[in-house]
Amino acid sequence: MNTPNRIRTGLFALAAGIIATTFGTPSVSEAQTLNASGASFPAPLYQRWFIEYNKANPDIKINYQSIGSGSGVKQFMQGLTDFGASDAAMKPKDIEKVEGGVTLLPMTAGAIVVSYNLPGVTESIKLPKDVYPKIFLGEIKKWDDPAIAKANPGVKIPGLPITVAYRADGSGTTFNFTNHLAAISPEFKEKVGAGKKVDWPAGVGGKGNEGVAALIKQTPGTIGYIEYGYAQHLKIPTASLQNRDGKFVAPTPESAAATLANIKLPENLIAFDFNPEGEASYPIVTFTWWLCHPKNKDGKGAIIKKLADWCLTEGQKMSTELGYIPLPPDVVAKVKAAADKLQ
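Residues numbered from 1 in each chain as written. Predicted model: local features only at pLDDT ≥ 70, side-chain atom pairs only at ≥ 80, totals over all residues. Heavy atoms only, no water.

Trainee: What should I look at first to understand the sheet that holds strand β11 (residues 248–249) in this one?
Mentor: Hydrogen bonds between backbone groups are what pair the strands of a sheet, and the pairing can be parallel or antiparallel. Strand order in the open sheet formed by three strands is β6-β10-β11, and the pairing between neighbours is mixed. Looking along the sheet, the strands with just one partner apiece sit at the ends: β6 (126–127) and β11. Strand direction decides the pairing type here: β6 and strand β10 (residues 240–242), joined by two bridges, are parallel. Across the sheet, the residue bridging to Leu127 is Leu241, located in β10. (Pairing = 2+ DSSP bridges. Helix = DSSP H or I, 4+ residues; strand = E, 2+ residues; numbered from the N terminus.)

Quick look at the structure:
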């Protein structure tokens, strides 16, 4: 099986509910095995990275569990993994609880898309910024609602009931999506708020990006939020969202890169923009981070450093193929400098 087919097969396995991706054999010594867990948002890219890295470095195995950012942070804090992964970075209060502190490394970036299942509709649905928060609030209940129809003249939208699909687990994808909705809708901010896990007013929950993608794909009338790569490879339609400048922008590598170019990383390498400027900017784009110990046991710091360097160079070349955004050169330089300090 060639590489693209293998990737697609892996993504369909994820959508079917197979969460864990493991590589390696029990005979490999502990010092040559890295255990990691966390965000499902970058899981397809990490899966590809770790397979390719193992091919080039057969003595190094990486076991990555795609369990969501919230659980990944918890396992990292409990010392159960060598490094974690989160789309929401880490809160200062949590970092303070980790002995020796935490080095946060943004390793890739991607767009969070609003995907839907509307049989017979071939055009990309346009959703105004005062409309899609109301959908996720459960206030707009049918697809042929006048507010949706007005933004899509000439598009024959069926009168299906809307079913919202959301993340049931603690999630960095939810953190970024709800923070965006709260930034553009005072009503959403008041009624739901923002965080890794919120009380959604309506809908059904799925575990991981893969679980939400499966719900959307299986049920006509469903709408949900997932990482762009899942939508791209599972062929799930995505909405064009109205951005801060009033333009309807489809999620593409180019529109996501336009957003990312305006996000400047501070010294701690943590930055978010939940309502970005720019006519060409897609409105929901985020970095996603590795959570690392500055000082590691059993020589694993050197292994993680070498792995990070490879992912920031060779790994970035694989990003676009899987629906992620290659990090800008200035970001790569900052992240490599931080990774080089790992011990």
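Now that the structure has been shown, the text picks up again.
Trainee: Explanation requested: the state of the cysteines in the structure shown.
Mentor: Working definition: the covalent bond between the sulfur atoms of two cysteines is a disulfide. A full pass over the atoms with the stated rule returns zero disulfides. With no disulfide of its own, Cys292 lies closest to Cys311 among cysteine sulfurs, the gap being 11 Å. For Cys311, a relative accessible area of 0% puts it in the buried group. (Disulfide = S-S within 2.5 Å. Buried < 20%, exposed > 50% of the residue type's maximum accessible area, 1.4 Å probe, protein only.)

Trainee: It is not clear to me how the layout of surface pockets should be interpreted in this structure. Could you clarify?
Mentor: Rolled over the atoms, a probe with the dimensions of a water molecule shows which regions are left empty. Quantified by volume, the largest pocket comes out at close to 340 Å³. What lines the largest pocket is a set of 16 residues, and nearest its centre among them are Gly79, His293, Lys295, Asn296 and Lys297. Those elements giving two or more residues to the lining of the largest pocket turn out to be α3 (69–77) and α12 (300–313). The volume enclosed by the second largest pocket comes to roughly 180 Å³. For the second largest pocket, the full set of lining residues is Gly70, Ser71, Val73, Lys74, Met77, Lys91, Asp94, Asp169, Gly170 and Lys196. Partitioned by chemical class, the residues of the lining of the second largest pocket number two nonpolar, three polar and five charged. (1 Å grid on protein atoms, 1.4 Å probe; cavity = no way out; pocket = protein on both sides within 12 Å on 5 of 7 lines; lining within 4 Å. Points joined across faces, edges and corners; volume = space filled by probe spheres on them. Nonpolar A, V, L, I, M, F, W, Y, C, P; charged D, E, K, R; others polar.)

Trainee: In this structure, what is going on with the nonpolar core? I would like to understand it.
Mentor: It is characteristic of soluble globular proteins that their nonpolar side chains tend to be buried jointly. Formed by 101 residues in total, the largest nonpolar core has its most connected members in Phe136 and Trp290. Take this core: its biggest share by element is nine residues, from strand β5 (residues 103–116). Once you skip the residues sitting within four places of it in the chain, Phe136 turns out to touch Val114, Val164, Phe177, Leu181, Phe188, Trp200, Pro201, Ile223, Gly224 and Tyr225. (Core = buried A, V, L, I, M, F, W, Y, C linked by side-chain atoms within 4.5 Å. Contact = heavy atoms within 4.5 Å.)

Trainee: Would you take a moment to explain the pattern of salt bridges for this structure?
Mentor: Pairing between side chains becomes possible if they bear opposite charge and their charged atoms approach one another. Under the definition given, this model contains twelve salt bridges. Glu139 serves as the salt-bridge partner of Lys134, at 3.7 Å between the closest nitrogen and oxygen. Overall, Glu139 belongs to the partly exposed group, its relative accessible area being 33%. Its salt-bridge partner being Lys191, residue Glu187 comes within 2.8 Å of it at the nearest N-O pair. (Salt bridge = Lys/Arg side-chain N within 4 Å of Asp/Glu carboxyl O.)

Trainee: Looking at this structure, how should I read helix α2 (residues 43–56)?
Mentor: Side chains that are three or four residues apart share a direction in an α-helix, a result of its 3.6 residues per turn. Compared with the 20 Å implied by 1.5 Å per residue over 14 residues, the 20 Å span of α2 between its first and last C-alpha is a close match. Counted residue by residue, α2 has eleven buried out of 14 residues, so it is predominantly covered. Every buried residue of α2 is listed here: Ala43, Pro44, Leu45, Tyr46, Gln47, Arg48, Trp49, Phe50, Glu52, Tyr53 and Asn54. (Expected span 1.5 Å × (residues − 1).)

Trainee: It is not clear to me how the confidence of the model for the protein should be interpreted in this structure. Could you clarify?
Mentor: Detailed reading of the predicted coordinates is not advisable wherever pLDDT is low. For the protein, per-residue confidence averages 90 on the pLDDT scale, and residues scoring 70 or more make up 91% of the total. Contacts for the low-pLDDT stretch residues 1–31, under 50 throughout, to residues beyond four places or in other chains number 52 contacts. (pLDDT = per-residue confidence, 0-100.)

Trainee: Is there a simple way to explain empty space enclosed by the protein in this structure?
Mentor: Counting across every chain of the model gives two cavities of 30 Å³ or more. Counted as a void, the largest cavity has a volume near 40 Å³. Along the lines of polarity and charge, the residues of the lining of the largest cavity split into four nonpolar, two polar and one charged. Put simply, the second largest cavity is a space of about 30 Å³. Those elements that place two or more of their residues in the lining of the second largest cavity are β5 and α11 (253–260). Across the lining of the second largest cavity, the residue classes break down as six nonpolar, three polar and no charged.

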